[in-house]
Amino acid sequence: MNIFRLTGDLSHLAAIIILLLKIWKSRSCAGISGKSQILFALVFTTRYLDLLTSFISLYNTFMKMIYIGCSYATVYLIYMKFRATYDGNHDSFRVEFLVVPVGGLSVLINHDFSPLEILWTFSIYLESVAILPQLFMISKTGEAETITTHYLFCLGLYRALYLFNWIWRYYFEGFFDMIAIVAGVVQTVLYCDFFYLYVTKVLKGKKLSLPA
């Protein structure tokens, strides 16, 4: 464990809490992509199947259970509890164009051709693009609530911090995972435009909008 991984995990946890509180307090999931949340639930489910086969630490197990539980709680709130507020018309990204290629890539490029390893690789690839339906939804509506932008910022910050985590581990532990690093770079790049708009608009008290 290093400072970049710890702060990355805390940023990720903050993003999840912000999203859940936003939905629960407003009693609405307006502006939130249910499709992105389904993809994140799929990410955590396929990544953390090792909960059934191995134990690393209490911290590791706790965080994995939090990610899985909160992802499904979010999906429940969007599609069940507050379904009437869900904007399905704007949440129209074709997720099969993400899931199918990612599934094929995970079979072709992985560390070990075994079911758990392929599913772990699938989760890494899928997480790198899972935010696309949310960004696509914002571009269609033309704006996002401030609390939603805070959620997205924390989510993007988590991935950026994890890139520094991989650099740290390479230099101080000799550990290098090309799959995780490339996927992390792709995911961070997808957030670049958002980071710029967040700093230049949201932090100055303006509404965020993405070019349609």
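Owing to the predicted nature of the structure, the values given are computational and were not obtained by experimental measurement.

Where helix α1 (residues 3–26) meets helix α7 (residues 146–173), the closest approach of the two axes is 8 Å, and the angle between their N-to-C directions is 165 degrees. Considering their axes alone, α1 and α7 lie roughly antiparallel with respect to each other. The crossing of α1 and α7 is left-handed. Its residues assigned to classes, the contact of α1 with α7 comprises 15 nonpolar, seven polar and three charged.

Let's shift gears to the UniProt feature "transmembrane region" (unreviewed entry) in the chain. On the UniProt side, "transmembrane region" (unreviewed entry) is annotated at positions that read residues 65–82, 119–138, 150–168 and 174–199 here. In residues 119–138, helix accounts for 90% and strand for 0%; the two terminal C-alpha atoms are 30 Å from one another. The straight-line gap between the two end C-alpha atoms of residues 174–199 is 35 Å; of that span, 85% is helix and 0% is strand.

Turning our eyes to something else, we now look at the packing of aromatic side chains. This model, assessed by the stated rule, comprises 19 aromatic pairs. Between Trp24 and Phe82, the aromatic rings sit 6.0 Å apart at their centres with planes inclined by 65 degrees, giving edge-to-face as the arrangement. Here Trp24 is found in helix α1, whereas its partner Phe82 is found in the loop between α3 (58–81) and α4 (96–108), with 58 residues between them in sequence. Classification of Trp24 by relative accessible area gives partly exposed; the value is 44%. Among the aromatic residues, those joined into a ring-pair cluster are Phe153, Tyr191, Phe194, Phe195 and Tyr198. Just above the ring of Trp24 sits the side chain of Arg27; from NZ or CZ to the centre is 4.5 Å. We note Arg169 situated over the ring of Phe175; from NZ or CZ to the ring centre the distance is 4.1 Å.

The next point concerns a nonpolar patch on the surface. Side chains of Phe164, Ile167, Trp168, Tyr170, Tyr171, Phe172, Phe176, Met178, Val182 and Val186 sit close together on the surface and give an oily, nonpolar patch of about 1,100 Å² of accessible area. For the nonpolar patch, the secondary-structure elements that each account for two or more residues are α7 and α8 (178–200).

The backbone of Arg27 shows a phi angle near 55 degrees, a positive value even though the residue is not glycine. Inspection of the secondary structure assignment puts Arg27 in the loop between α1 and α2 (34–47). The class of Arg27 is partly exposed, set by a relative accessible area of 40%.

At their nearest, the axes of α2 and helix α6 (residues 132–141) sit 7 Å apart, and the two run at 170 degrees to each other. Classified by the angle their axes make, α2 and α6 are roughly antiparallel. Of the residues in α6, those touching α2 at Lys35, Ser36 and Leu39 are Leu132, Pro133 and Gln134.

Procedures and definitions
Here the residue index of a chain counts from 1 through its sequence in written order. Whole-chain, interface and lining totals are the exception, using all residues; otherwise, since this is a predicted model, local features are given only for residues with pLDDT of at least 70 and side-chain atom pairs are given and counted only at 80 or more. The side-chain figures draw on all heavy atoms in the structure; neither hydrogens nor water molecules are used. With axes taken as lines fitted to C-alpha atoms, and helix axes fitted only over the stretch in contact, angles between N-to-C directions fall between 0 and 180 degrees. Secondary structure is summarised from DSSP: a helix means a run of H or I of at least four residues, a strand means a run of E of at least two, and numbering begins at the N terminus for each. Any angle between 65 and 115 degrees counts as roughly perpendicular, while under 35 counts as roughly parallel, over 145 as roughly antiparallel, and the rest as oblique. Each helix crossing is assigned a hand: it is left-handed if the near helix lies turned anticlockwise from the far helix by less than a right angle, otherwise right-handed if that turn is clockwise. The classification used treats Ala, Val, Leu, Ile, Met, Phe, Trp, Tyr, Cys and Pro as nonpolar, Asp, Glu, Lys and Arg as charged, and all other residues, Gly among them, as polar. UniProt positions are given in the numbering used here, feature names are shortened, and annotations may be inferred rather than shown by experiment. What counts as a ring pair is set by centres within 6.5 Å for rings of Phe, Tyr and Trp (its six-membered ring), and what kind of pair is set by the plane angle: stacked under 30 degrees, edge-to-face over 60, tilted for all other angles. Per-residue accessibility, obtained with a 1.4 Å probe over protein chains only, is compared with the maximum for each type, and a residue is labelled buried under 20%, exposed over 50%, and partly exposed between these values. Definition used: whenever NZ (Lys) or CZ (Arg) falls within 6 Å of the ring centre and also within 35 degrees of the ring normal, the charge is taken to sit over that ring. Surface patches are drawn from residues lacking salt bridges whose relative accessible area is over 30%; two like charges belong together within 9 Å, two nonpolar side chains (Val, Leu, Ile, Met, Phe, Trp, Tyr) within 5 Å. Accessibility throughout is a Shrake-Rupley quantity obtained with a 1.4 Å probe, and a residue counts as covered only by protein chains that appear here. Salt bridges, as used here, are contacts in which a Lys or Arg side-chain nitrogen is within 4 Å of a carboxyl oxygen on Asp or Glu. What makes two residues a contact is simply this: any of their non-hydrogen atoms within 4.5 Å.

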